[in-house]
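Fold and contact review
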Amino acid sequence: MNTRSLRFQLLTWYAGLLLGVFVIIGVATYLALARSLTGALEESQMRRARQVAHLLADVAKAPHAFLQERLAQEIETSFAPGQNNRFIRVTAEGGATVYSSPSRGEAAIDPAVVGDPHWPVRAEERRTIPLPQGRSMVLAGHKFQASDGKVYLVEAGAPLDSVQSDSRKWLMFLAAMLPIVGSIALGGGYFLVKRALTPVDRISASAERISSHNLGERLPVAQTGDELERLSIALNLMIHRLDDSFQHSRRFVADASHELRTPLTILRGELETFVSEPELPPDWRERLNTALEEVVRLSHIVEGLFSISRLDAGEAAAERAKFDLAQLAASTADQMSLLAEDKNLRVICNATRGVWVEGDRARLKQVIVNLLDNAIKYTPGGGTVTLGVSARDNKAILEVTDTGIGIPAEALPRLFERFFRVDKARSREQGGAGLGLSIVKSICTAHQGTVEACSTPGAGSTFRVTLPLEVAPADAGKENHAKTYELQHS
Ligand code: ADP
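Remember, it's a predicted structure, so these values are computed and weren't measured experimentally. (Residues numbered from 1 in each chain as written. Predicted model: local features only at pLDDT ≥ 70, side-chain atom pairs only at ≥ 80, totals over all residues. Heavy atoms only, no water.)

1. A few points about the environment of E74
You can see E74 is positioned in helix 2 (residues 64-79). Separated by 15 residues in the primary sequence, E74 and V59 place their C-alpha atoms 8.8 Å from one another. Setting aside residues no more than four positions away along its own chain, E74 makes contact with L55 and V59. (Helix = DSSP H or I, 4+ residues; strand = E, 2+ residues; numbered from the N terminus. Contact = heavy atoms within 4.5 Å.)

The structure is reproduced here in structure tokens:
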């Protein structure tokens, strides 16, 4: 998992915030619930204290000797605090206890635990008092003046057990909900982040497809009216500017190479005329021959540049037609066999007819010419160059294999780059400028094909071109099938 990714950070922030809010709200409701339940219990105890004060007002009219007895009777009858886990105490001003709920009993609260009231007391007061075993109780005190002028404090209390157990239940419910809320936060966050980043994915997928060959394409503009829309518009403007400057430099190369072709042809013609002059002094002939070689090399470079600029302009597959690649390979090999003959090379052409492809015949011929030319150039005399065309897995495969000097492994990945030469000096001697294979690659790519090379230095190289296979037309003629050309010049 990539913890630095925007997706991960948004997800953790979202889930973290949601969980944090849930915990804060949970704790706040827990505190509010505990407070409100405690307040309600305090209020009910204060009501009870007032009710006891009313009873006291009634019995206070009786002589003092019976006051305590009658009051106890009335309180036991009305509230039975000993049985109900309640605490009631009436204290006269000065500290004398007039009544106190029983200290023993199944559900009694011991007054010793509650402690004595501290006179003077306020008219009404509420307190929380700790009980043994971690329990606590609320105690409401009500000050009351009887008709005889005596002041009493009536206290009523009840344990907070039910409040504590209700609050604890709520807390347990919150704890049980935490993993559920966590999962919802993660799942929802993942869905939201994925949804929010979908336009970004779409933009980057389109951006990955755009290269110098299709700078006319544009990125999708997310109509969101936010940073994403601004970003896609800004990127599109940048691609537009890049497209302009690419077009400009392509036009420049095309115009420059086109302009150079004519003067170079004239120069070459003139030099050839001079060189063929019979009365030319030998040292002059040698110098002019060198100049002629350089002009021929320059013409090749200019031709290569001109081809590349036209390929870049989308002319690599301008005139598409269906044709037999095997037949084209055989005729091209036939034409080039003279070159091989000069170098004392054997050319074998294994091309089974009926390997149909669709594309620009002249351009694909250039592919075969360039590959054969290289194979002949870089194979020493006595070697063999084999050209094969076959159909396999719905693909047309053209292979040029030689028994030449080979290519070092470290050079293979850069072989199809423009102006790349394995050995500059060696390539220069052969008149190469490093453009032949990049032209091959451009043409193959424009035909939805591929070209790859494998080589063993000192043993030879193989270049394999793969193109989409077409179905042979109905009038292709059966007699042409499975015929193998064998050219052998030695
Ligand atoms: P060049 O015109 O210089 O031959 P290419 O683009 O055709 O340019 O080839 C690039 C380089 O690849 C050449 O300089 C050469 O060193 C190497 N190369 C191409 N084909 C072969 C081959 N069949 N055998 C050995 N080396 C080759």
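Now that the structure has been shown, the text picks up again.
2. Points about the pairing of strand 12 (residues 460-468)
The buried fraction of strand 12 amounts to seven of the nine residues, a majority that puts the element mostly inside the structure. Note: strand 10 (residues 395-402) against strand 12, seven bridges, orientation antiparallel. Following the sheet pairing, L398 is matched in strand 12 by V465. Relative to strand 12, strand 11 (residues 450-456) runs antiparallel, the two being bridged by seven bridges. For V451, the partnering residue across the bridge sits in strand 12 and is V465. Following strand 11, the chain reverses through three residues before pairing antiparallel with strand 12; G458 in that reversal takes a positive phi of roughly 90°. (Buried < 20%, exposed > 50% of the residue type's maximum accessible area, 1.4 Å probe, protein only. Pairing = 2+ DSSP bridges.)

3. Observations concerning the packing of helix 4 (residues 161-209) against helix 5 (residues 227-275)
Running from N to C, helix 4 and helix 5 cross one another at 5°; their axes reach a closest spacing of 11 Å. Judged by the angle between their axes, helix 4 and helix 5 are roughly parallel. Residues A196, P199, V200 and I203 of helix 4 form the contact with helix 5, whose participating residues are L228, S232 and L235. For the contact of helix 4 with helix 5, a count of residues per class yields six nonpolar, one polar and no charged. (Axes fitted to C-alpha atoms, helices over the stretch in contact; angles between N-to-C directions. Parallel < 35°, antiparallel > 145°, perpendicular 65-115°, else oblique. Nonpolar A, V, L, I, M, F, W, Y, C, P; charged D, E, K, R; others polar.)

4. Notes on the domain arrangement of the protein chain
According to the domain assignment, the protein chain consists of domain 1 (6-166), domain 2 (227-312) and domain 3 (319-489). A straight line from the C-alpha centre of domain 1 to that of domain 2 covers 104 Å. (Domains from an automatic or database assignment.)

5. A look at the sheet that holds strand 5 (residues 151-159)
Overall, antiparallel pairing links the five strands, which are arranged 2-1-5-4-3 in an open sheet. The open sheet has two edge strands, strand 2 (97-100) and strand 3 (124-130), and neither has a second partner. When the angles between neighbouring strand axes are averaged without regard to direction, this sheet yields 15°. Pairing of strand 3 with strand 4 (residues 136-145), which is carried by seven bridges, proceeds in the antiparallel orientation. The residue of strand 4 that forms the bridge with T128 is V138. Where helix 1 (residues 6-59) meets the sheet, it contacts strand 1 (87-92), strand 3, strand 4 and strand 5, and its direction lies at approximately 35° from that of strand 4.

6. Quick word on the side chain of S455
With respect to the secondary-structure elements, S455 resides in strand 11. Overall, the relative accessible area of 18% leaves S455 in the buried class. One polar contact links the side chain of S455 to the main-chain carbonyl oxygen of G460, over a distance of 3.1 Å. One polar contact links S455 to S461, side chain to side chain, over a distance of 3.0 Å. The residues touching S455, leaving out its near neighbours within four places in the chain, are G406, I407, L412, G460 and S461. (Polar contact = N/O pair within 3.5 Å; in protein donor to acceptor, adjacent residues only side chain to side chain.)

7. Here we look at the environment of S36
Secondary-structure assignment places S36 in helix 1. Taking C-alpha positions, S36 is 9.3 Å from V163, a pair spaced 127 residues apart along the chain.

8. Some remarks on the sheet that holds strand 11
Pairing is mixed across the open sheet formed by five strands, whose spatial order is 7-9-10-12-11. Bordering the open sheet on either side are strand 7 (346-351) and strand 11, each of which pairs with just one other strand. Strand-to-strand twist across the sheet, computed as the mean angle between neighbouring axes with direction ignored, equals 10°. Relative to strand 11, helix 10 (residues 436-446) is tilted by about 140°, and along the sheet it contacts strand 11 and strand 12.

9. Quick notes on the confidence of the model for the protein chain
Detailed conclusions should not be drawn from predicted coordinates in areas where pLDDT is low. Of all residues in the protein chain, 93% have pLDDT values of 70 or greater, and the mean over the chain is 87. Within the model, pLDDT remains below 50 along residues 478-490, and this stretch shows 36 contacts once partners closer than five positions in the same chain are excluded. (pLDDT = per-residue confidence, 0-100.)

10. Description of the pattern of salt bridges
Note on pairing: side chains with opposite charge can pair once their charged atoms come close. Within this structure, the stated rule accounts for 15 salt bridges. When the shortest N-O distance is used, the salt bridge between R297 and E294 registers 3.8 Å. In this pair, R297 and E294 both sit in helix 6 (residues 282-315), three residues apart, roughly one turn of the helix. For R297, a relative accessible area of 15% gives the class buried. For R464, the salt bridge identified is with E399, shortest N-O distance 2.5 Å. One end of the pair, R464, is in strand 12; the other, E399, is in strand 10, with 65 residues separating them in the sequence. (Salt bridge = Lys/Arg side-chain N within 4 Å of Asp/Glu carboxyl O.)

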